[in-house]
Amino acid sequence: MSVQLPSLVRQKELISNYELILTRVKDMAVKASSGRPVDLVAVSKLKPSSDILTLYNHGVRHFGENYVQELTTKAKELPKDIQWHFIGGLQTDKCKLLAKNIENLYAVETIDSLKKCKKLNNHRQEVNGAVINVYLQINTSNEDQKSGYKLTEEGKQQIFESVEFLLSEECKFLNLEGVMTIGSFLESTEAEAENQDFKNLVNLKDELNEKYKLQLKTSMGMSNDFEDAIKQGSSSVRVGSSIFGARPPKNG
Ligand SMILES: *Cc1c(COP(=O)(O)O)cnc(C)c1O
């Protein structure tokens, strides 16, 4: 393995940050429900492989990445039993790279069209790869600049169409695991009320579970709002900066 570990000081910092977040996740999961398990995905985008290896050695397996090229590089040099979550904006022409290059891709959480479902499935089939879990990304705040299926009449039809493809015989290389949202900044800073984005996502999940007899998960909650998300029913939180520290700006 060519990846080196960082300084001992950095290793200790990463492990203690991770443990702190994990404790908060577990505490809130207990408070919010009768111990329903909540997954913690460590979002490592723009952070070095040495940081990831530190947490891997500590037992962590689920890591989230946002950029296809960066994920490809990291997946190549890091242990093959890491379970990668792709959580970045997904361009149609990048589905092929993800499906073909990342053998240990656990999940793609940012599916937002039927076309991308088909591309991902077909290219995974070409390499006869392991099944990829997918989450449909929902634009729960209907913001135009945000990606994801909208919760309009038209958006709902697209969601149903994608779900039906994912559940069909034709789609053997993808497993529909859940729905995902990135809450709007406003919703996560208005501490008073329930977060409407999280509520919208849970309502959609319930509707799909009912309509298609499924048990979908919800991926919602990041560093600044994961406890609220768990309170409102999240099954998987994606935490980056509270574990790894502030990120450098992305260039290029
Ligand atoms: C970066 C990112 C995260 C982690 O954000 P933090 O605020 O650093 O915890 C979670 N989800 C998505 C989709 C992201 O892009």
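The present account deals with the structure reproduced in this document. All of these numbers come straight from a predicted model, not from anything done at the bench. (Residues numbered from 1 in each chain as written. Predicted model: local features only at pLDDT ≥ 70, side-chain atom pairs only at ≥ 80, totals over all residues. Heavy atoms only, no water.)

## What to know about the overall build of the protein
Thought 1: A tally of helices and strands in the protein yields 10 helices and nine strands.
Thought 2: Here the C-alpha radius of gyration of the protein, 18 Å, is about what a compact globule of 252 residues would show, namely 18 Å.
Thought 3: Its C-alpha atoms give the protein principal-axis dimensions of about 55 × 50 × 35 Å.
Thought 4: When contacts within the protein are restricted to residue pairs at least 6 apart in sequence, long-range pairs at least 24 apart make up 60% of them. (Helix = DSSP H or I, 4+ residues; strand = E, 2+ residues; numbered from the N terminus. Rg over C-alpha atoms; globule rule 2.2 N^0.38 Å. Contact = heavy atoms within 4.5 Å.)

## Observations concerning the environment of D144
Thought 1: With respect to the helices and strands, D144 occurs in the loop between β5 (132–139) and β6 (149–150).
Thought 2: The exposed category is assigned to D144, whose relative accessible area is 68%.
Thought 3: Separated by 61 residues in sequence, D144 and Q83 have C-alpha atoms that sit 31 Å apart.
Thought 4: Here K150 takes part through its side chain, which lies 2.6 Å from a polar atom of the side chain of D144. (Buried < 20%, exposed > 50% of the residue type's maximum accessible area, 1.4 Å probe, protein only. Polar contact = N/O pair within 3.5 Å; in protein donor to acceptor, adjacent residues only side chain to side chain.)

## Concerning the site of the ligand
Thought 1: Lining the immediate surroundings of the ligand are 13 residues, of which K45, N66, S223, G240 and S241 lie closest.
Thought 2: One of the side-chain N or O atoms of R238 is found 2.9 Å from a nitrogen atom in the ligand.
Thought 3: With respect to the ligand, the backbone of S241 contributes an N or O atom lying 2.8 Å from an oxygen atom.
Thought 4: Its free accessible area being 390 Å², the ligand has 90% of it covered by the protein chains.
Thought 5: If you map the ligand onto the pockets, it falls in the largest pocket.
Thought 6: Each residue belonging to the shell around the ligand can be placed in one class, and the counts come to six nonpolar, four polar and three charged. (Near = heavy atom within 4 Å. Areas by Shrake-Rupley, 256 points an atom, 1.4 Å probe, with all protein chains shown as cover. 1 Å grid on protein atoms, 1.4 Å probe; cavity = no way out; pocket = protein on both sides within 12 Å on 5 of 7 lines; lining within 4 Å. Sits in = over half its atoms within 2 Å of the grid points. Nonpolar A, V, L, I, M, F, W, Y, C, P; charged D, E, K, R; others polar.)

## Points about the packing of helix α1 (residues 8–32) against helix α2 (residues 49–57)
Thought 1: Orientation of α1 relative to α2, taken along the N-to-C sense of each, is 60 degrees, at an axis distance of 10 Å. Judged by the inter-axis angle, α1 sits oblique to α2. Once α1 is placed against α2, the crossing between them reads as right-handed. Facing α1, whose interface residues are R10, Q11, L14, I15 and Y18, α2 presents D51, T54 and L55.
Thought 2: Residue classes in the contact of α1 with α2 are distributed as four nonpolar, two polar and two charged. (Axes fitted to C-alpha atoms, helices over the stretch in contact; angles between N-to-C directions. Parallel < 35°, antiparallel > 145°, perpendicular 65-115°, else oblique. Left-handed = near helix turned anticlockwise from the far one by under 90°.)

## Brief notes about unusual backbone geometry
Thought 1: Although it is not a glycine, N128 sits at a positive phi angle of roughly 50 degrees.
Thought 2: With respect to the helices and strands, the residue N128 is situated in the loop between α5 (114–126) and β5.
Thought 3: Overall, N128 belongs to the exposed group, its relative accessible area being 62%.
Thought 4: For N142, which is not a glycine, the phi torsion comes out positive at approximately 50 degrees.
Thought 5: Examined against the element boundaries, N142 turns out to sit in the loop between β5 and β6.

## Remarks on the packing of aromatic side chains
Thought 1: On inspection of all chains with the given rule, the structure shows two aromatic pairs.
Thought 2: Ring geometry for F63 and W84: centres 6.2 Å apart, planes at 50 degrees, overall tilted. Here F63 is found in strand β2 (residues 62–65), whereas its partner W84 is found in strand β3 (residues 83–86), with 21 residues between them in sequence.
Thought 3: Given a relative accessible area of 0%, F63 falls into the buried group.
Thought 4: Taking relative accessible area as the criterion, W84 reaches 0% and is therefore assigned buried. (Phe/Tyr/Trp six-rings, centres within 6.5 Å; stacked < 30°, edge-to-face > 60°.)

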